Amino acid sequence: MSGTVLGLDGRLRCRWCAAAPEFLHYHDTEWGFPVSDDFRLFEKLCLEGFQSGLSWRTILAKRENFRSAFWAFDFNRIAQFNDADIERLLKDEGIVRHRDKINAVINNAKRAQELVKAEGSFVNYIWRFEPRREDCAEPQTASTSAASIALSNDLKKRGWSFVGPTTVYAFMQAMGLINDHAWGCEIRASVEEARADFQRPA
């Protein structure tokens, strides 16, 4: 996944963009840009859990269906899901129908509520794990890090599921806790600027 590729529009991007045309917009406007919204952070962590054993292309293609099925990943609403909701989700062909992963989202919604109560917001908690620049690997050369292991371990201690270090690292890449765009990728500078301007929780 390292390196860049020249797109049809003449722009250099991370090489993984060439795998599917739908990756371009996601790469250019979302991946790596810092996020300060509780529900978006929760959504991404859940979707990374659903991706386990699958490709991101599969999940991205179904993302709007996931958002509809899980009430825009409002964890306050998901925490109230019951057995009927689980059966509804298992019949929903628009999402990944995996009972353990569905149960994990509901469980994690309850754990997210606990975190918000303890930390003030999910954002406050997540951004505590932003690694120092000097502790980051070269772009797209790692699948885990000390920071992703620390966040994964802490979430597991708090009762979260489907939050292994690799899943958490992908989450950190996507949500802007690190800038993992390849050297030479034209979006890297935009992400760096967004990270510089980002107001981190106090």
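See the structure shown above.
Along each chain, residues carry numbers from 1 onward, in the same order as the chain's sequence is written. With pLDDT at 70 or above as the cut-off, local features in this predicted model cover only qualifying residues; side-chain atom pairs require 80 or more to be listed or tallied, and sums for whole chains, interfaces and linings still use all residues. With hydrogens and water excluded, all non-hydrogen atoms of the structure serve as input to the side-chain values.

Examining the layout of surface pockets
Any empty space left between the atoms is revealed when a probe the size of a water molecule rolls over them.
And step 1. The rule is simple: put a 1 Å grid over the protein atoms alone, call a set of points where a 1.4 Å probe fits but cannot get out a cavity, call an open set with protein on both sides within 12 Å along at least five of seven lines a pocket, and count a residue as lining if it has an atom within 4 Å of a point. Grid points are joined across faces, edges and corners, and a volume is the space filled by probe spheres set on the points. Estimated volume of the second largest pocket: approximately 280 Å³.
And step 2. Around the second largest pocket sit 20 residues that line it, and R133, C136, A137, N179 and R188 are the ones nearest its centre.

Comments concerning unusual backbone geometry
When glycine is set aside, most residues are seen to have a negative phi, and most peptide bonds are trans.
And step 1. In this model, F73 sits at a positive phi of 55°, which is unusual for a non-glycine residue.
And step 2. Runs of E in the DSSP output that reach at least two residues are strands. Runs of H or I that reach at least four are helices, and both are numbered from the N terminus. One can find F73 in the loop between helix 4 (63-69) and helix 5 (75-78).
And step 3. For F73, a relative accessible area of 0% puts it in the buried group.
And step 4. Located in the positive-phi region is Q140, a residue other than glycine, with phi close to 60°.
And step 5. Within the secondary structure layout, Q140 lies in the loop between helix 8 (122-127) and helix 9 (146-157). Three exposure classes are used, based on accessible area relative to the maximum for each residue type with a 1.4 Å probe and protein chains only: buried under 20%, partly exposed in between, and exposed over 50%.

So, the packing of helix 9 against helix 10 (residues 165-174)
And step 1. The axes used here are C-alpha line fits, helices contributing only the stretch in contact, and every angle between their N-to-C directions lies in the interval 0 to 180 degrees. Here helix 9 crosses helix 10 at 115°, and the two axes come no closer than 8 Å. Seen along the crossing, helix 9 lies across helix 10 with a hand that is right-handed. Contact residues: helix 9 offers A147, S148, I149, L151, S152, L155 and K156, while helix 10 offers P165, V168, Y169, F171 and M172.
And step 2. Each residue is assigned to one class: nonpolar for Ala, Val, Leu, Ile, Met, Phe, Trp, Tyr, Cys and Pro, charged for Asp, Glu, Lys and Arg, and polar for all the others, Gly among them. Class assignment of the residues belonging to the contact of helix 9 with helix 10 gives a composition of nine nonpolar, two polar and one charged. Working rule for handedness: look at the near helix, and if it is turned counterclockwise from the far one by less than a right angle, call the crossing left-handed; if clockwise, right-handed. Contacts are assigned to residue pairs that have any heavy atoms within 4.5 Å of one another.

Considerations on helix 7 (residues 99-119)
And step 1. Between its terminal C-alpha atoms helix 7 stretches 30 Å, which fits the 30 Å expected from 21 residues at 1.5 Å a residue.
And step 2. Of the positions making up helix 7, those classed as buried are K101, I102, A104, V105, I106, N107, N108, A109, R111, A112 and L115.
And step 3. Contacts made by the buried residues of helix 7 are with helix 2 (38-51), helix 5, helix 6 (83-90), helix 8 and helix 9.
And step 4. Immediately downstream of helix 7, the backbone of G120 shows phi near 95°, a positive value. By this rule the span expected of a helix is its residue count minus one, scaled by 1.5 Å.

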